[in-house]
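Topology and contacts: notes
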Amino acid sequence: MRLRVHVATRAREIPWDNVIAPGRGIVYAALQRQAPQLGAVIHAQGWGPHKMAPFGHSAPEFPKPHRARGTYVSGGTGILEFGSPLPELIDALERDLQMIPIMDWGGVALNVEKVTRITPPAFASGRTRLRTINPITVKAEAARTPTGELIRGGWLLPGEPGFDVALTHSLRRRCETFGHDGAQLQGITWIGPKRSFSVVGHGSDSPTTIKRGKKTGAPIEVDVSGTPAALQALWSAGIGGATSAGFGWLIA
């Protein structure tokens, strides 16, 4: 399930450091107000067997303004999307958004005009093509040396060696997080240009330590197969790593 938030603003641009970074905080603030127990669990330990953040979001999009090189142009009416396969999370976020006339998106005032629910496609065939509108990155699986020393996996960009294997593992884990059999990557059909965005997320040393930094990825298009429920879960929350930071959001 997704929430499509129809917004309007007089701001002519959104600073690049705040294009996607505010989304995570908006979700957690809504949960704190509307479903504090759920928010505390997700914030402290993640969700499901792999302890993932069970939501994703887009960046605000404004179709009317002309693009300008080096500027994320805003102005007029636009849309912003949040999504999760967890009904209780969507319910809490919807209640909160309907009570907030103005959303603070990193210092840019977005007037909330309407909030609508978008149901996922049926995916009856068990196969689909997904394209991300935001960059995607995935983390390689951890490995051990012959002596047993743990080697943590690094972040991989689309097209780099091992990315398809890492994405396959990521898709499986995300589906398992929401109680479904894993989806299978059938192929990567397109890779877009690399982009870096400022993100907000947990530090590696503690689930309660919040860090801000740059993360690099690239949009992709992939063919994926799986049960309809698994594909709906991916459509609802995004794919890859750092979805709660705005990465891996899928075109509806």
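In what follows, the accompanying structure is described. These numbers were taken from a predicted model, which means no experiment stands behind them.

Further remarks concern the pattern of salt bridges. By the definition in use, this model includes eleven salt bridges. In this structure, glutamate 81 engages arginine 4 in a salt bridge whose closest nitrogen and oxygen atoms are separated by 2.6 Å. One end of the pair, glutamate 81, is in strand β5 (residues 76–83); the other, arginine 4, is in strand β1 (residues 2–9), with 77 residues separating them in the sequence. The class of arginine 4 is partly exposed, set by a relative accessible area of 22%. Connected through shared salt-bridge partners, Arg129, Arg131, Glu221 and Asp223 make up one network.

The geometry of an aromatic ring pair is captured by the separation of the ring centres together with the interplanar angle, meaning the angle of the planes. Taken as a whole, this structure holds three aromatic pairs when the rule is applied. Judged by centre distance (5.6 Å) and plane angle (80 degrees), the rings of tryptophan 16 and tyrosine 72 are edge-to-face. With tryptophan 16 in the loop between β2 (13–14) and α1 (22–34) and tyrosine 72 in strand β4 (residues 72–73), this residue pair connects regions lying 56 residues apart in the sequence. Taking the relative accessible area as the measure of exposure, tyrosine 72 reaches 17% and is therefore buried.

This paragraph deals with unusual backbone geometry. In the Ramachandran plot, phenylalanine 123 falls in the positive-phi region, its phi being about 50 degrees despite a non-glycine side chain. On the secondary structure map, phenylalanine 123 appears in the loop between β7 (108–118) and β8 (127–131). On the basis of relative accessibility, which here comes to 10%, the residue phenylalanine 123 falls in the buried class. Positive phi, close to 60 degrees, is recorded for alanine 242, a residue that is not glycine. Checked against the element boundaries, alanine 242 lands in the segment after α5 (228–237).

Quick look at the environment of serine 236 now. Within the secondary structure, serine 236 is located in helix α5. For the pair serine 236 and phenylalanine 55, spaced 181 residues apart in the sequence, the C-alpha separation amounts to 7.6 Å. Polar side-chain contacts of serine 236 include one of 2.9 Å to the backbone oxygen of glutamine 232.

As a further point, take the pairing of strand β6 (residues 102–105). Judged by which residues are buried, β6 turns out to be one-sided: Met103 and Trp105 face inward and are buried, whereas Ile102 and Asp104, on the alternate face, are not. Joining the antiparallel neighbours β6 and β7 is a turn of two residues, in which glycine 106 adopts a positive phi near 60 degrees.

In spatial order, the strands read β8-β16-β13; together these three strands make up an open sheet with antiparallel pairing. The sheet is open, and its two edges are formed by β8 and β13 (184–191), each paired on a single side. Going across the sheet, the axis of each strand differs from the next one's by a mean of 20 degrees, ignoring polarity. With five bridges connecting them, β8 and strand β16 (residues 220–225) associate as antiparallel partners. The residue bridging leucine 130 from the neighbouring strand is valine 222, located in β16. Of the strands in this sheet, β13 and β16 are in contact with helix α4 (residues 163–177), which crosses β13 at around 130 degrees.

Another point: the side chain of aspartate 96. Relative to the assigned elements, aspartate 96 resides in helix α3 (residues 87–99). Taking the relative accessible area as the measure of exposure, aspartate 96 reaches 4% and is therefore buried. Look past the residues within four positions of aspartate 96 in its chain and what remains in contact with it is Ala30, Arg33 and Gln34.

What counts and what doesn't
- Residues numbered from 1 in each chain as written.
- Predicted model: local features only at pLDDT ≥ 70, side-chain atom pairs only at ≥ 80, totals over all residues.
- Heavy atoms only, no water.
- Salt bridge = Lys/Arg side-chain N within 4 Å of Asp/Glu carboxyl O.
- Helix = DSSP H or I, 4+ residues; strand = E, 2+ residues; numbered from the N terminus.
- Buried < 20%, exposed > 50% of the residue type's maximum accessible area, 1.4 Å probe, protein only.
- Phe/Tyr/Trp six-rings, centres within 6.5 Å; stacked < 30°, edge-to-face > 60°.
- Polar contact = N/O pair within 3.5 Å; in protein donor to acceptor, adjacent residues only side chain to side chain.
- Pairing = 2+ DSSP bridges.
- Axes fitted to C-alpha atoms, helices over the stretch in contact; angles between N-to-C directions.
- Contact = heavy atoms within 4.5 Å.

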